[in-house]
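A closer look at the structure
What follows is the residue order along each chain.
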Amino acid sequence: MLILRSLDRLGPMHGYGIAVHIQQMSESVLQVEEGSLYPALQRMLIKGWVKAEWGQTENNRRARYYKLTPAGRKQLTEEVSEFTRVMEAITRVIEPA
Amino acid sequence: MEGPGELWRRLLFLLGRGRFNREMEVEMRFHLESRAERNRAEGMDGDEANYAARRRFGNAPLLEEKSREAWGWSALDHLAQDVKFAVRSLGRNPFFVVVVVLTLAFGIGVNTAIFSAVNVLLLNPYPFPQPERILSVDARHISGKNSNTGYRDFLDWQQQNSVFDAMAISPETGGYTLTGQGEPQRMTGGATTADFLRVLGVQPVVGRFFTADEDKPGAAPVAVLTYATWRQRFNGDAAVVGRTMTLNGQAFTVIGVLPRGFAYPGIETCAFFTALGESSSNSRNQHQYGVVARLKAGVTVEQAQSDMNTIAQRLEREFPATNTGWGVKVQPTGAALAAETGRLVWVLFAAVGFVLLLACVNVSGLLLARASGRTKEIAIRSSLGAGRGRIVRQMLTETVLLSLSGGGVGILLAVWLMKVLRAAAPQELALDATLHLNSAVLAFTVAVSLLTGIAAGLAPAWSASGAEPNSILKEDGNSWSRARSRNRLMAWLVAGEVALSVILMAGAGLLVKSFALALDVDTGLRVEHVLTFALNLPGAKYSSDSGVSTFYRDLLERLKNSPGVEAAAGVMTLPMTGGVTGGAFQVEGRAKAPDWVDTLVQYNASTPGYFGTMGIPILRGRDFNEQDNEAGLPVAIVNDALARQYFPNEDPIRHRYRDDPAYGGQWRTIVGVAANIQHQQPTKPPMPGVYLPHAQWPANSMWITVRGRGDAAQLAETARTAVRGLDGDLPLLKIRTMREVVGDSLAESRLAASLLSGFAVFALLLAAIGIYGIVDYSVRQRRREMGIRMALGATYGDVVALVVRKGALPAVAGVVVGVPLALAGAGVIRAMLYGTSPRDLTVFLGVPALLLVVALGASYLPARRAAKVDSMAALRCE
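Counting from 1, residues in each chain are numbered in the order their sequence is written. Chain A is the first chain written and ligand 1 is the first ligand written, with later ones labelled in order. Whole-chain, interface and lining totals are the exception, using all residues; otherwise, since this is a predicted model, local features are given only for residues with pLDDT of at least 70 and side-chain atom pairs are given and counted only at 80 or more.

1. Examining the overall build of chain A
- Numbering of helices and strands runs from the N terminus; a helix is a DSSP stretch of H or I covering at least four residues, while a strand is a stretch of E covering at least two. For chain A, the count of helices and strands is four helices and three strands.
- Ordered by position from N to C terminus, the α and β elements of chain A give α-β-α-α-β-β-α.
- Field definition: a residue is buried when 20 or more other C-beta atoms are found within 10 Å of its C-beta, exposed when 12 or fewer are, and partly exposed for counts in between, with C-beta atoms placed from the backbone. Taking all 97 residues of chain A together, the buried fraction comes to 23%.
- Across chain A, every contact between residues at least 6 apart in sequence was considered, and the portion connecting residues at least 24 apart equals 46%. Throughout, a residue-residue contact means that the two C-beta atoms, derived from backbone geometry, are no farther apart than 7 Å.

Written as C-alpha cells, this is what we have:
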C-alpha cells in the first residue's frame, strides 16, 4: 500500500526513490530492509498493478521506473478504505470512552 | 492470473531468465550506489558508506532469488539443478549405482511382467467392445456336476430370452487336415453358430460371417478365416471370398475374414471358423456345448439370470424326463476365467510385490550406508542455507533417478519374462495374442519406478538431512548418537528384509514341495520308454467303422513288427491330456438311478495290448483280444474305482451293464478289472471308468502309444515310417513321450513353483547382501572401539561374537515376525498345494534355519575382518 501510495503521489519512480520517499514520509518511523521492495515490486508487476520502464535518472544513470496502472489505482483505493476501516475500529477500541 | 496465461508467462520467464537476472542486478546495484552516495553526502567515508548501504538493503542475493520466485518456476529450476547434481554425485560411485539399479531392475521387471498378466487376465480379458457384456450361460445341474448345454436347450434359450442381444455356442475346436495346397497341413478350426460374432461385437473385415441357414445339417460348408490365416494362406488377397479350402477331404467355401487381433480364450489356436451344423433333433440329454451371449444395453446380469431361470423352469415342466434338476447360471466370462487362473495370478502378483518391497528395503539400506559417508557434504550444504526439505528433495532426486534407470533395465527383463509366461501358460488363456508390453503396462512400470524411488529414498534422506551441521563439522567425523540412530534404522531394515524373505521362501518351499510330490505321484502308468502321438483319420476318406478299425489294426501290426518296439496299442483318450468322455452307467438287474448324472463314469476305448503297453495291471479277468470285434460279444473292462463303487462285495466279472444311451445303449459283459490310473492330473483322485474295445466303439481319432526298449523320443521316426506306409497324407500330431505328457499336465504348478523359487532365491540373496551391508557398515564405524577392546585384551572370538550379534539379532527378529505372517500367507495358497500341509514342518523349520545360517555367514565375514584389525593402527588412524 505504501508503494502504491508513493507512486500515486509522485508519479513514476525508481525503486530507490520509493524507498527514500517512504522513509521521508514516515519520518523514519518505518525502517524496513530497503531490498525487500524489489520482490514486492515484482509481485505487483505480475498482478498488473504497476508497469516498469527503463529510463534515465537526473544524473544520467539507467534505472527502472515503476508507474501505477489503473488496476493499481483501484487496488490502492480498496486497500486504503480497508485500512482506514480497520484503523478506525482499532482507534475506537483503544480510545478511552 | 491462473490458467494458460500464467503457464505462458512462466514459460516466457524461463526463457528470458538470463535477462531478468541481469536487470535485477542492475536495478539493485543502482539502489546501493545511490544510497552509498547519499551516505557519503551525509559525511561517511567511502567504505563505511557502502557498508551502511548494504546493511540497510538486506541480503541482496536472497532478495534477488525471492523476486525470481515471484515469477514461478524455481521448482523446475531446482529440479534441473538436482538432476545435474545427482548425476555427478552418482557418477563417482559406479559400483553402488550398478548394484542398486540391478536390484531395482529385478524388482520392477518381475512386477511389470506379472502386472501384464494381471492386466490381460484379470483387468482386460477380451479385446472386444464392452467385454463386460459378454456372458457365459451355462446349464447347471442341481448336483453341480455338469455345466454344458444340450443343443435343443440352447435353441429354446436363444428363442425365448428377452435379455440378450445375441447368443451363440462357444466354438468347438477340432483338428482339420488341409490338403490340396502342398504338404497336408494340420489346422485347428472352431465350429460355432451364426450369432457368434454378434455376441463378441465384431464385424468381418472382408466378406461376412455365416447365416443361420448355413448352420443347418447338410448346408454347403463355409469357412470364415482369421486375419492371420488370410495373410499366410491367401497373401491377404481381398478376392479370397468364394475360394475353396479342402479340409478333412471336404471343400469349404471361404466367405469372410475376421479382424486382426481376434483372440478369445480357448479359440486362439483356431485358423478358421465353420458352422456347427448341429441337428435340432438332437437329444436334450447331450450336454456338450458352452454358450456365450451378449447382454442387452441396460440389462443387468441379475435380470438376465432371473429371465433365464424362468426359461429353465418352463423347460423343466415341459420336458421333465430330460430337464428335471437343470437350471442356468449366467456369469461374466472374465470372472469364469479369473476363477480358474485368478488365484495363481494374484499369488504371483503378491509375491512380486514382496520382491519389490524387499528390493526397496535393500536399496534403503545401501542408501543409508552411503549417506553416512556424505554427512559432511550434507552438513556443508545445510550450513550454506539449504533447508531440510531442499536436502531431502536433492537426495530423493538421486533415488528416483536410480529407480527410473532400474525401471528401464527392468523392462528388458519383463519382456523376456513375458516370453517365458506366454510359452508356459496354459493355451486356453490365449496369452499369445495379448500378453505384450503396451501403454498400460508401461504406465505401470513408470509409476512403480517413481514410487519405488521415493519409498526407498525417503527414510535415508530424512535421516541424513536431520544432521546438526555444527556438531558434525566440528567433530571431524560422525557423532556417536547419529551413527547409533542410523544403525538402529538399518537393523530395522534387515529385520524387515528377513521377514519378507521368510514369507517368500516359505511360499516357494511349499509349492516346490507339492510340485515334486505331484511329479512323483504314482500315476499307475509306466511312463518310461513310451512314445505317444495322435492320429485323426479324415471322415471323407475313412467313412466306415470297419475302415477305421482296419487302418488302426494294420498300423499297430506294423508298429509291433518295427525294430526297437516292444508293444504298441491305441486308446481313445490318453491319460493326462485333460479330455475325458463321461457317460451314464447302469448295472443290469438294479434300479435305474433317478438322474443319469449320478452315475457318471469315464468312457474310454482301447485296442488289445493297451494295458500292457502302458504298464497298467489287469487285476482280475482279461485284457481285450482280437475276437472282441464288431462280430464278437459286446464286452468291457472296468477300473478298480468303478468295481469298488458298484460291486463293493462281489466280483464284477460276468456282470452286465448298459452303456449310456448317447453312446448306443449297448448291454455289455464285464470281462476284466484294470488298476486305477490318474486320468486327468496326477493330483486329482481317480474316477470310476470303463474301457470298451476300440473295434466295438470305433472313433476316427485315436492316440497311439508305443513302448520301446531305449529312449522313447527315438521311436518317433519309426512311428512316422509306419504311418506313412499306410497313408502318406496323414500327419502325426502331438508327438511326445509319456513322461512329457505327465509333465505338461502339471504346467501350471511347474510355472508357479519355478517362478516362486526364482523369487525366493533372489530374496535370500538380498537378505544376505543386506545383512552383510549393515554389519560391515557398523564394523567400519567401530574400528576405534574394536582397537581399544583388543588393546584391553579382548580375544579374536570376543570381537567376532560381538560383531556377529549385530547381524544375527535383527535376523532373529525378522524370523520371529516373518514365520506367523508366512503361515497366514500359506493359508491363501492352500488350494494350490498337493500332499503338502500349509503348515508343513520341513518348510517352516528349514526356511528360518536357512535364513539364520545365511545371516550368520553374512555377519561372519565382516566380523573376521574386524577381529583382524591391528589395534595400534586403528587407534592411530583417527
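2. Section: unusual backbone geometry
Residues and elements named next belong to chain B.
- Even without being glycine, Asn235 reaches a positive phi, approximately 50 degrees.
- With respect to the helices and strands, the residue Asn235 is situated in the loop between α9 (227–234) and β7 (244–247).
- Residue Asn235 is classed as exposed on the basis of its 8 C-beta neighbours within 10 Å.
- The residue Lys734 is not glycine, and still its phi comes out positive at about 45 degrees.
- Mapping Lys734 onto the fold places it in strand β23 (residues 733–737).

3. Considering the sheet that holds strand β1 (residues 13–14) of chain A
Residue and element names in this part refer to chain A.
- The sheet built from three strands is open, its strands ordered β1-β3-β2 with antiparallel pairing. The outermost strands of the open sheet, each flanked by one partner alone, are β1 and β2 (50–56).
- For β1 and strand β3 (residues 62–68), the ladder comprises two bridges, and the chain directions are antiparallel. Across the sheet, the residue bridging to Met13 is Tyr66, located in β3.
- Sheet strands touched by helix α1 (residues 2–10): β1, β2 and β3. Its angle to β3, the strand with the most contacts, is close to 95 degrees. Two strands are counted as paired when DSSP detects at least two bridges linking them. Geometry is summarised by axes, namely lines fitted to C-alpha atoms with helices restricted to the contacting stretch, and by angles between N-to-C directions that run from 0 to 180 degrees.

4. Some thoughts on the interface of chain A and chain B
- Taken together, the contact pairs 16 residues of chain A with 18 residues of chain B.
- Ranked by residues supplied to the side of chain A that touches chain B, first place goes to helix α3 (residues 37–47) of chain A with six residues.
- Following the grouping adopted for this structure description, the nonpolar residues are Ala, Val, Leu, Ile, Met, Phe, Trp, Tyr, Cys and Pro, the charged ones are Asp, Glu, Lys and Arg, and the polar ones are all others, Gly among them. Classifying every residue of the side of chain A that touches chain B by side-chain character gives five nonpolar, four polar and seven charged.

5. Considering the sheet that holds strand β10 (residues 291–295) of chain B
Residue and element names in this part refer to chain B.
- With antiparallel pairing, the four strands of this open sheet are ordered in space as β2-β10-β1-β11. The strands lining the two open edges of the sheet, one partner per strand, are β2 (164–169) and β11 (326–332). Each neighbouring strand pair of the sheet contributes to a mean axis angle of 30 degrees, computed without reference to strand direction.
- The pairing of β2 with β10 spans five bridges and is antiparallel. Bridged to Ala168 within β10 is Val292.
- Helix α7 (residues 151–160) rests against β1 (134–141), β2 and β10 of the sheet, and its axis sits at about 170 degrees to β2.
- Each of β1, β2, β10 and β11 touches helix α10 (residues 301–318); the most contacted strand, β11, lies at about 160 degrees to it.

6. Some thoughts on the pairing of strand β4 (residues 185–192) of chain B
All names here are of chain B.
- Both strand β3 (residues 172–179) and β4 contribute to a ladder of seven bridges, which runs antiparallel. Paired with Thr177 across the two strands is Arg186, which belongs to β4.
- Hairpin connection from β3 to β4: five residues lie between these consecutive antiparallel strands, with Gly180 at a positive phi of about 90 degrees.

7. Considering helix α4 (residues 70–94) of chain A
- One less than the residue count of a helix, multiplied by 1.5 Å, gives the span that helix is expected to have. Here α4(A) spans 36 Å end to end across 25 residues, near enough to the 36 Å set by a 1.5 Å rise per residue.
- Of all 25 residues making up α4(A), only one are buried, and the element is barely covered by its neighbours.

8. Here's the deal with the confidence of the model for chain B
- Taken residue by residue, chain B gives an average pLDDT of 81. The fraction at 70 or more is 86%.
- Across the whole predicted complex the pTM is 0.60, and at the interface the ipTM reaches 0.78. What pLDDT expresses is the predictor's confidence in each residue, scored from 0 to 100.

9. Quick look at the environment of A:Ala52
- One can find A:Ala52 in strand β2.
- With residues up to four places along the chain from it excluded, the contact list for A:Ala52 reads A:Leu45, A:Arg64, A:Tyr65 and A:Tyr66.

10. Considerations on the pairing of strand β21 (residues 689–693) of chain B
All names here are of chain B.
- Across the five residues of β21, five count as buried, placing the element largely inside the fold.
- Burial of β21 is two-sided: the residues Gly689, Tyr691 and Pro693 facing one way and the residues Val690 and Leu692 facing the other way are all buried.
- Note that strand β16 (residues 601–606) and β21 share five bridges and pair parallel. From the neighbouring strand, Asn604 faces β21, where its bridge partner is Tyr691.
- Judged from the two bridges that link them, strand β18 (residues 635–639) and β21 form a sheet pairing that is antiparallel. Paired with Val638 across the two strands is Val690, which belongs to β21.

11. A closer look at the packing of helix α19 (residues 545–560) of chain B against helix α22 (residues 715–726) of chain B
All names here are of chain B.
- The contact between α19 and α22 brings their axes to 9 Å, and the two run at 140 degrees. Considering the angle they form, α19 stands oblique to α22. In the crossing of α19 with α22, the sense of the turn from one axis to the other is right-handed. Contact with α19, carried on its side by Phe551, Asp554, Leu555, Arg558 and Leu559, involves Ala719, Ala722, Val723, Gly725 and Leu726 of α22 and no other residues of that element.
- Here the residues of the contact of α19 with α22 are counted per class, giving seven nonpolar, one polar and two charged. In this scheme, roughly parallel covers angles under 35 degrees and roughly antiparallel covers those over 145, while 65 to 115 is roughly perpendicular and the rest are oblique. Rotating anticlockwise by less than a right angle from the far helix to the near helix defines a left-handed crossing, while the corresponding clockwise rotation defines a right-handed one.

12. Some words on helix α25 (residues 783–791) of chain B
Residues and elements named next belong to chain B.
- Among the residues of α25, Met786, Gly787, Arg789 and Met790 are the ones counted as buried. Down the axis of α25, the smallest arc covering the buried residues is 165 degrees, so these residues share one side.
- The first or second residue beyond α25 is Gly793, which carries a positive phi of 110 degrees. Starting at the helix axis, one direction is taken to each C-beta atom, and the arc is that of these directions.

13. Looking at the packing of helix α14 (residues 388–424) of chain B against helix α16 (residues 439–465) of chain B
- Packing of α14(B) against α16(B) brings their axes to within 7 Å, and their N-to-C directions diverge by 145 degrees. By crossing handedness, the relation of α14(B) to α16(B) is classed as right-handed.

14. Remarks on the nonpolar core
Residue and element names in this part refer to chain B.
- Only buried Ala, Val, Leu, Ile, Met, Phe, Trp, Tyr and Cys residues enter a nonpolar core, and they are joined through C-beta atoms within 7 Å. Among the nonpolar cores identified, the biggest contains 108 residues, and Val355, Leu504 and Phe759 are the most heavily contacted of them.
- Apart from the residues lying within four places of it in its own chain, the contact partners of Phe759 are Val110, Ala351, Val352, Val355, Leu504 and Ala508.
- In terms of nonpolar packing, the next biggest core, distinct from the first, is built from 59 residues, Ala584, Tyr646, Val690 and Tyr691 among them.

15. Digging into the environment of A:Leu7
Residue and element names in this part refer to chain A.
- Here Leu7 lies in helix α1.
- Distance from Leu7 to Ile18, taken between C-alpha atoms, is 7.6 Å for residues eleven residues apart in sequence.
- Every residue in contact with Leu7, bar those within four places of it in the chain, is listed here: Met13, Val50, Tyr66, Lys67 and Leu68.

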